[in-house]
Each structure stands twice: as C-alpha cells, then as structure tokens.
Amino acid sequence: MMRRARLAARKGLMAMGIALLWAALAASVQAGETTDRVKGELDRTSAVVKDPALQGTAKEEERKARVKEMIFRWFDVKEMARRSLGGNWATRSEQERRDFVELFGDLFVESYTRLVVDHLADQRVIYLSEAVDGQLATVKTKFLSKRDDPTFVDFALFRRDGAWAAYDVVIDDVSILGNYRTQFNKIIHTQSYEALVKKMRLKQESEGLGTAAKGSQ
Amino acid sequence: MRMRKLMARTVLLHPRIALISALIVTLLSVYVTVQRLSFTSTRSALAPLKGRLAQLQGEYRRAFGDLDRAIIVIQSDDQDRAKRFAAALARRLRAQVPEVEEVIDRFDLKALEDHFLLYLSPQELIDLKGKLQEHRAFLEELSAEPGLNRLFQLIQREISKSLVGHLFTGFLEEGDGEEQRPLDLALLVVLLEQIKAWTEGPQVYVSPWSRFFAGIDENDDRDGYLWSEDKRFLFVLATVKGDAESFIRFRRPIEGIRKEIRALQQRYPGIKAGVTGDPAMEYDEVSAAQRDSGLATVISLVGVALLVVVVFRGVLRPLMGLIALVMGVCWAFGFAAITVGHLSMLSVVLAPMLIGIGMDYGIHLLARYEEERGRGYPIREALERAFEGAGPGILQAALTTAVALFTLMLTRISALRELGFITGSGLLLTLVSTFVVLPPLLLFWDRRNAVVAVVSPSLSLRPPAFLEACYRRPRTVLALSGLATMIALYALSSVGFDGNILRLQAEGTESVIWELKIIKNSERSTSYGVILARTLEEVREKTLALESLPTISKVESIATVMPENQERKLPLLRELQPVLEGVGLEAAPPAAVDLEGLRDTLSRIKAKMLTPEEVEKWDRKDRPPLEMMGKVGRLIEEFQTLLAGHDPEEVRRRLSTYQGELFHDFRDKVALLARAVASGPVGIKDLPRDLKKQFIGRDGSYLLRVFPRQDPWEVASQAAFVADMRRVDPDAVGDPVEGHEVIATMKRGYQQVGIYALIGVAILILLNFRDLRYFLLAKVPLLVGAVWTAGLMQLFRVKFNLANLIIIPLIVAPGVENGLLIVHRYREEAESVVLPRSIGKGVTLSSLTTMVGFGSLMTAHHRGAFSIGLLVTLGVGSVLAVSLTLLPALLTLAAKRPSMMKGMAHARSEGEL
C-alpha cells in the first residue's frame, strides 16, 4: 500500500512537472511569437516606407495607403476604441459604438500612419524583451535615430482569434491609448459625448477620411 | 545850478572825507556780501507764488514733507547687474556721504510676498490654474521623489505626453476658444544650461523655477525695485541735506553721490548712471552760474576798462571812473546781501549790468569835464560846470532807468520783484558812487599833474566825421530807417517764446541730460503733477479718470501698490487650493545623482527634439518651437561631451550641490504658492511703512503722482498736461502746475513791466522837458531801437525765454539815456547843434560799455545767461544805431534854427576856417 501511494505521488509530481514544462515551453513559444509578430509588422511597414519604388511626393499617398492598410490589419481598433472610452463605452448604444469605432479607427490610423511614415524611415529597432500574461503581451523595443538617440516603445498586444493584435503603443512611458482616454474623458466631462463625436467627425472630414475601420472588424 | 551848488558844498569841499567814507562803505559791503549773500536756482527763485496755488502747495508740503530728493538713474541691459549696482551704491552712499539722509534703492515688499498671486490678473490666475492642473502629476511626483534624475525623467515624460497628445488628440483642443499651450521648453533649457555650468565649476545658484511658477518672478515689479516700465532704467532715490550757509547749497551731497557713482562704475563697466532731480539741477545750474558770473564780471570789467582807455586816450582818468564804478558795484552787492540776501539766475546779471550801465555815468561826467577843461576852466570850476551841464542829464537817466527797473516790483513773481529792487537800487548806488568818488579823484590827480586837455570848442561841437554824411541827408536816413522799422515790425510778430527752463541750462549738464533721457525713454520724469485724495475710493476713481487722458502716461498711488479686483481674484485663488493638494512639502532629501541615468534620460529627450524637416511636416496650428528644440539638442550634446571630459565623482559632487539648492528652492516656491493660495486680501495695513510714507500723508490724505506723456518742460505740452489734470481735479499741484503758473505770470508780469516802464519813463521825461516835441524826440531811440531789436532777434533766431525777458526793463536804460542826453544837449545848444562830439562820444562809449558789460555774458555756458548777453547786446546796439542815425536826422529836420554845422560848412567853403 505504501508503495502504491509513493508511486501515485511520483506520477503526480511528474505530471505537474511536465505541465509546468509544457506551460513554460508554450509561453516561450508564445513569447517568441509576440516578438516575431511585432517584428514582422514593423519590418513589413518599414519595407513599404523605405521601398524605393514608393519614394517621392508623387508616391506619398500610395505609400501612406499601404501603411494604413497594414496598421488597420494589425491593430484592433475596436478594442482600442472601447478602451479609449473607458466607462463611457457601456452607456453608448450599439449604433453609437459602431460609429465611434469607425471614427476612432480612421483618426487613429491616420495619426499613427503619419508617425510611422514621417519617423520610421530614419529609425532602426532593437527588440529588448517581451512578457506574456495569458491573453495579453508586451513587447519592449528601442528605436534608435541616426544619432543613436533612443526612444523606448512598448507594444501592448492581445490574443484575438489565435493571432496577436496590437491595442496600444507606449512611447517613452506615454500610452497612446491612455492619452486618448484622458482627452476623451475631459471632453465628455466638460462638454458631452456628442461634442466629442462632433469634433472627431470634423477632423475626419477635414482629413478626407471616412471609410469604416479595416482589417480587425 | 542846484546840482552844482550841492556838489560844490559837499564832495568838492571835503574830498578826502568823501573818499574815506566811500572806502569804508566799500569794505563793509564786501564783508557783508561774503558773509550773507547766497545763490538760489531758477526753479527755486520762480517757485513762490501767492494765492490758491501757493496754499495748495503748502498743504501738500505739510502732508508729505518738503524733501530735497535727488534721483539716481541707472541704465543697463542686464537687470541683475543694475540691481547689484543699485544695492552697492546705496550702501556706499549711506556709509560715505553724510549729507545723504536717506537712500531708497528698493522697497521691502517681503510683507506682500505671500499675496503675490493677487497681483496677477484674473486671466493669469486662470492660466496658472490650468498649468498647475496640467502638471499636477509632475509636481506631485517630483515632490514625492525629489532629485535631478527624477526631474529630467518627468520632463522627458511631459515632452512625450505633449508630442503624443499633439499627434493624436491635438485636434480636440482646436476651435473651442481654448488657448493651445505650445510645448514650453524654457524650464528645460535653463536647467540644461545650469547643469552644464555646474559641471564646469561651482556657480552662484539662480532659481530656474520662475519659468514654471508664473508670478514668482524675482525680476518683476514686486521685487521692490524702482524700474521704469520697460526695465531700461532703475531709479534710486536719495534724500539730501542742503547747506543753507553755503553759496551752492547741494555741492557736498551731489558731488559725493557722483564720486561714489564713478568709483563704483570701475567695478561695473558698462553700467551708465547719473544724478538728476531738483537738488542736482540746482547744483549744476548754480555752480555753472558761479563760474560764468565770475568770468563774465572779469571780462566785462576788463573790456569796459580797455574801451574807456582807448576812447579817452588815457589810462588814469578812465581808471578813476572804474574805481568809482567798482565801489558802487560793491555797495550794490552789499545792499543786496542785507536786504534780499540772495541772487538768482535772473539777478546774476547784476554785476555786468551795473558795470555796463553804471560806467556810463562816469563816462558822461568825465567827457563833459574834459570838454570844460578844454575850454580853459580850472579843475574845480570844470567839475562844477560838468555837474551843472551833464549832471541833470545823468541824474535823469539814472532815475529813469531805476524807475524802469523798479517797475519789476509790481509783478507777482518774487524773483522779479527782488530783481527790480536789487538792480534799481544798485544802479542808484553806482550813480552815488560816481558822483561821490570820481570828482575827488579827479580833483586830487589833476591838481598834482596840472594836465590840461585842450579841445577846440568848435571841434568839440562837430559831430563825428563818419556820421556827417548821414546828417547832410536827413531825409534819406529817415526813409531808410523807416524801411528798416517796417521790416522789423513785420518780424516782431514771429518772435517766439521758449518757456523750457531746461534749455536755459548749460549744454551737457548731467542732470539735464538724464532728465531728458528719462522723459524720452520712460513713462516718468522728475517733474510730475500731484493730486490729493481723501479716500482710497477717490484715489481709484481719479486714477481711472486720469489714465484715460491723452497727456498722462502713468499714475502712481497707493492703489498702484495694492492689488486690483481682489474680490474677483480671491475666489480664483481658492480654486487653486485643491490643485496643490498632494504636492508635498516634506523635506525629503533628493536622491543621489546618477550620471548614467541622467545621460540616458537626456538622450531620450534629445530624440524627441524634432528636426527642421520634421517641423515642416507638422500640420497643426501650434508649431513646435524649433529654435528651442535645436537649443535643447545642442545643450544636451555639450553636456554629454563635458561629462566625458570630467572626473565623474567631481561632476557628481557638483551636481549634488546644485541639486540641493534646486530642491530647497523648489520647496520654498511651492510653500510660497501654498501660502499665497491661502492668503487673504491686501489692505493698507499690510503695506510696508516706507511705501506708505510715499503715498499717505501725515494728515491721512492720499497722494497721486501724475506723470506726463510728453515733455513737461515744454510750454505747450505742459499747458495741455496741466489742463488735463485740472479737468479731474482743479486743485492739482506739482512742478508742472507751478511752472505753468509761473510762466504765465512772468509773461504777464513782463508785459506789465513794459507798459509801466514806458509810462513811468514817459512821465519822467515829460516832467523833465515839459515840452511835447522834446519828449517825443527823446523817446525815439527807445521805441525804434526796441523794434529793430525784435527784427534782429528774428534774424539771429533768438527767442524770448524766462531769463532774457529781463531785456524789457534793461533796454529802457540806454534808450532813455541816449535820447535824454542828446535831446538835452540839443536844447542846451538852442537846437543849433545836433550831435556834438562829446555827446556822440559819450553816447557811443556808454552804449559800447553796456554792450561789453552784458556781452561778457555770452561767454557763459548757462544758455539763459548767454541769451541775456546776446539779446541785450543786440538791443543796445540797435538803440545806439538809432541814436546816431535816425535821431540826429529827426533833430536836424525838427530844428528851429539852422544847424551850426551848415553854417560852418558854408564858412569852410568861403575859406573862413
């Protein structure tokens, strides 16, 4: 009887160990995946930005359009829109949410594209570390200018339909999503949600935007 | 005959007694003059007025004191250096110049420090609240974790936030009327400059926090320094004590101040400084006048002496005349010292005038004496005959001139009344000295030497040869003179008046230069209006009314020092309180300086500094400050290079010292902000004592200092300024008001003097001649000479001013004298001789001596004195010209008997002579 008990305990420990090993292996595979995901997106985007065939003022719109397409595909703008409204999301109707996602997506992608196109071309990226916590992950990178001046950029990802999608970028400790949330809250609090939407729509129109969010919808 | 008898029984009977008495009086006069006579400036002399204005001025002085305050002006582009200079100068003046009773280089506003937020405008308070809310997290985190590394990390984060915000959500701030705050890198730039400097070596700590905490600015008005609005000039006020016993009252304090300024300027090269204000202007004017009058007196004496010597072709007789004259001048000064006690810029003409005019009496007496001696009369009889013949004319001329000068006593200006009294009396005294001293001297000398001047009677009756051609054509002379008179009359209307007292001063006078600088480049001047109010509310109402007027640039009062709109601002302050909660004031020591961490953080900051190309692509309205970003980038690179080249331990130590100062200062600023936010309203009781003293009188009245926008010394702008002030308060006082009244009163006074003098002189001449024809003829040199003078003024671009208006009574002397003497002689010769040589010589010489006497003033640096010299020279010259040309022409035409000259000419042609 004693022998059976010892055997059972040994099996249990082995199982736990295997499970732990498996989890560690799985995590390391995932961790590697997140960095690869980010790297892949950045490389693809960089390739477009640096493509000799897309240089010059005449090709600027095409270059931007292709970058935007990639960003739309990679970022989960719906998730971002939801998080940016914070507690205000719950009080909005379905239609309002859909409209907001479209607005937010257009404006965010437009701004982020500008950031990528105007700055990415001159920067090289060093991948520092990554951390995976269940469905969420963070990939830390360092962008270096031509003068080797660093800008630390962290990509926040979450797992969506088996793939990692980005939902926030933290540039030198400043979260883009956090910035949106603060500013949206301020407008909603001092004026109204409608006023916020109005401003966003005006901006959307002035930028000549207006198609629905791509990719992640 | 009476004069002859009088002289025969007194002076000529007891010549020794006469001379000794004269000498004793002279010595006494000199003694009294040295002991008692002082000098007062033009401003002080013109100041005392009667009536309501004097009463108001008195009330103001009783309430606020009658301080003699010099104003030291410091000019520098570097405000901190200017303040250090001012502080150092104040210390030196207190220690080294005992005649400086009080120095104010700044007001101690420590008591108001906690109320500094109330001095911001409501909008500035709202902006401050916005800024504090925006950076609240920054302040809280910095308070919790003080340290240089943390500070730069937080700044780095703020920059990131700003850039991210602008990129992604900047559009949310557009179009709402909200002010878009551009990225403010000022604090970062200052911090970088400071850590760079401290890395290189120990420094004097200078607070960088004013860039962050709006309103805590050590360089603004609340540091208590007396700045001009544009901070170009810093003022230091010095109350000085004058020496009433001294001729130049403010010599010691002003020279003392200037000496200290010069000494200090060697340690502060590039700083310009000078002294102005009433005491300095008085000192400059009086000392220049003292130099000028001394020189002018010597020149006039020497010039007159030479002239007389040349004309009389001898030294001794003219010398006797000069001795009599000098004695008379001494008597005049002694008399002035006993009666009035002081001279002013106006009465400084006393010496040249007495010399120029007083000499005439001796000349006429001497000329007539020589003529009588030439006829063969013995000495005593010649003297008696000279008195009989020339005496009445001389006496009449002296009395008439004295009366003309005494008419100045009818004006309201005490300086003019004094002038009239001193000069009129002085002239009579020189007449007395001439009559008392000259005859005994001639008696003694000629007895010893038995000199007889033989002058042919007929020759003595001939006019000077060069004028004979004129006298042969009287109608031509009349026509030409008429034309000149018409032209001069036309020019008379264009002769202007310049009432600016500053322009009377010598060129390059330091106090005037600085006063003009202040007027031109700031909103102040040393001359300002004063209005009193009974309540604070009245102060505010009047300030508001005054500041809306076009001629007023600035109003200072107790209200200036107290915050405005406190009722509106106090609630705004309370709104700041919650924002500051959480901003800790604990004295946690700053963390150790981590050089590597600092280097990394600065690299991250540098990465965010956009390049010009990146800024070009910025499409928001608020473009990033490219120049500042470039500067930040450069400073970081320079600092990093320095780090590489210095010992890290030494750098860490220096930066730790800097860090300690920085955060000690930060805590002080935050604490001050917290106290200011919790402070109550500012009342009068909260103001510093020396500030209250400036603006609250002993009787509880409030003072408003009103500064003019234009030059307060110019008549037109002064009049407009005074009119505007009186619109708000008819009882306004102060220098410009006084000046305005004085100028108006003086102009009226001189006009009255002119009229009275003409009337007085006319009565005297009429009484003397008792003949209308002679009366009219005797007036010609004065009236026509005056008109020709006005024409010459226009030609020489000379304007009337407060100094040279004195010509109005002065021109009466030569005008009347010449007319009287010539017409007297004309009547004496029964109209048979127009201008005998002796009279011609006498008239010419007396005019020339007057011209030389006053002309010596043209060596003066004081422009007022110079203009007196020029104008009197022109005036007397004009009168002489009329006396030698027009008057003889008129006399020729008016003669009842044909001229003896015509008879002689006929006789010559017939070969009789």
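Residues numbered from 1 in each chain as written. Chains lettered and ligands numbered in written order. Predicted model: local features only at pLDDT ≥ 70, side-chain atom pairs only at ≥ 80, totals over all residues.

Undergrad: Would you explain the overall build of chain A in this entry?
TA: Broken down by element type, chain A carries 6 helices and 5 strands. Each helix and strand of chain A, ordered N terminal to C terminal, gives the series α-α-α-α-β-β-β-β-β-α-α. Going through the 217 residues of chain A one by one, you find that 29% of them count as buried. Considering only contacts within chain A whose residues lie at least 6 apart along the sequence, 57% involve residues at least 24 apart. (Helix = DSSP H or I, 4+ residues; strand = E, 2+ residues; numbered from the N terminus. Buried ≥ 20, exposed ≤ 12 C-beta atoms within 10 Å, placed from the backbone. Contact = placed C-beta atoms within 7 Å.)

Undergrad: Help me understand unusual backbone geometry in this model?
TA: Glycine aside, the phi torsion of most residues is negative, and most peptide linkages are trans. Located in the positive-phi region is D148 of chain A, a residue other than glycine, with phi close to 65°. Secondary-structure assignment places D148 of chain A in the loop between β2 (136-144) and β3 (150-160). Under the C-beta neighbour-count criterion, D148 of chain A is labelled exposed, with 10 such atoms within 10 Å. Backbone geometry places R797 of chain B, a non-glycine residue, at a positive phi of 55°. The residue R797 of chain B is located in the loop between α30 (772-795) and β13 (800-801) in this model. What makes R797 of chain B exposed here is the crowd of 7 C-beta atoms within 10 Å.

Undergrad: Help me understand the environment of V170 of chain A, please; the structure alone is not making it clear to me.
TA: Here V170 of chain A lies in strand β4 (residues 163-171). For V170 of chain A and A156 of chain A, which are 14 residues apart along the polypeptide, the C-alpha to C-alpha distance reads 7.8 Å.

Undergrad: Where do I start with helix α22 (residues 566-580) of chain B in this structure?
TA: The α-helix winds at 3.6 residues per turn, so residues separated by three or four positions along the chain end up facing the same way. All names here are of chain B. Its 15 residues place the ends of α22 21 Å apart at the C-alpha level, agreeing with the 21 Å of an ideal helix rising 1.5 Å per residue. Within α22, burial applies to K569, L572, L573 and V579. For α22, the angular spread of the buried residues around the axis is 110°, confining them to a single face. With respect to the buried face of α22, the exposed residues turned more than 90 degrees away are E567, P571, R574, Q577 and P578. The inward-facing, buried residues of α22 abut α6 (122-134), α7 (136-144) and α26 (648-678). Immediately downstream of α22, the backbone of G582 shows phi near 95°, a positive value. (Expected span 1.5 Å × (residues − 1). Arc of directions from axis to C-beta.)

Undergrad: Looking at this model, I keep getting lost on the nonpolar core. Mind explaining?
TA: Side chains of a nonpolar character, in soluble globular proteins, are inclined to be buried together. Counting residues in each nonpolar core, the largest one holds 177 residues, and the members touching the most others are I72, I74 and I257 of chain B. Considering each element in turn, this core owes the most residues, 15 residues, to helix α14 (residues 379-406) of chain B. Each of domain 1 (2-42 + 283-502 + 740-909) and domain 2 (67-108 + 224-276) of chain B gives at least three residues to this core. Dropping the residues within four chain positions of it, I74 of chain B is found in contact with A82, F85, A86, F233, L234, V236, I271 and A273 of chain B. With 43 residues, the next largest nonpolar core counts L107, V116, A137 and I176 of chain A among its residues. (Core = buried A, V, L, I, M, F, W, Y, C linked by C-beta atoms within 7 Å. Domains from an automatic or database assignment.)

Undergrad: Would you mind going over the sheet that holds strand β1 (residues 124-133) of chain A with me for this structure?
TA: Strands belonging to one sheet form pairs held by backbone hydrogen bonds; the direction of such a pair is parallel or antiparallel. Residue and element names in this part refer to chain A. Strand order across the open sheet formed by 5 strands is β1-β2-β3-β4-β5, with antiparallel pairing between neighbours. Every interior strand has two partners, whereas the edge strands, β1 and β5 (174-175), have only one. Where β3 lies against β4, 8 bridges are found, and the strand directions are antiparallel. When the bridges of β4 are listed, R159 appears paired with W164. (Pairing = 2+ DSSP bridges.)

Undergrad: Can you help me understand the interface of chain A and chain B in this one?
TA: Size of an interface, as often reported, equals the accessible area lost when the parts are brought together. The partner chain B presents 17 residues to the 18 residues of chain A that form the contact. For the side of chain A that touches chain B, the secondary-structure elements that each account for two or more residues are α4 (94-119), β3, α5 (176-190) and α6 (193-206) of chain A. The greatest single-element share of the side of chain A that touches chain B, amounting to 5 residues, is contributed by α5 of chain A. For the side of chain A that touches chain B, the per-class residue count stands at 7 nonpolar, 5 polar and 6 charged. (Nonpolar A, V, L, I, M, F, W, Y, C, P; charged D, E, K, R; others polar.)

Undergrad: What exactly am I supposed to notice about the sheet that holds strand β12 (residues 733-734) of chain B here?
TA: Residues and elements named next belong to chain B. Taken in spatial order, the 4 strands make up an open sheet running β10-β11-β9-β12, and their pairing is antiparallel. Whereas interior strands pair on both sides, the edge strands pair on one side only; in this sheet they are β10 (552-556) and β12. Bridge count between strand β9 (residues 529-533) and β12: 2 bridges; the pairing is antiparallel. Each residue of the ladder has a partner; that of V530, found in β12, is V733. Across the sheet, helix α20 (residues 536-547) touches β9, β10 and β11 (702-708), and the angle it forms with β11 is around 10°. (Axes fitted to C-alpha atoms, helices over the stretch in contact; angles between N-to-C directions.)

Undergrad: Could you clarify how one ought to interpret the packing of helix α29 (residues 735-769) of chain B against α30 of chain B in this entry?
TA: In a pair of packed helices, the angle between the axes and the distance between the axes together describe the arrangement. Residues and elements named next belong to chain B. Interhelical geometry of α29 versus α30 gives an angle of 135° and a closest axis separation of 9 Å. Taken together, the axis directions place α29 and α30 in an arrangement best described as oblique. Along this stretch, α29 crosses α30, giving a crossing that reads as right-handed. Of α30, the residues touching α29 (which contributes I765, L766 and F769) are Y774, F775, A778 and K779. Residue classes in the contact of α29 with α30 are distributed as 6 nonpolar, no polar and 1 charged. (Parallel < 35°, antiparallel > 145°, perpendicular 65-115°, else oblique. Left-handed = near helix turned anticlockwise from the far one by under 90°.)

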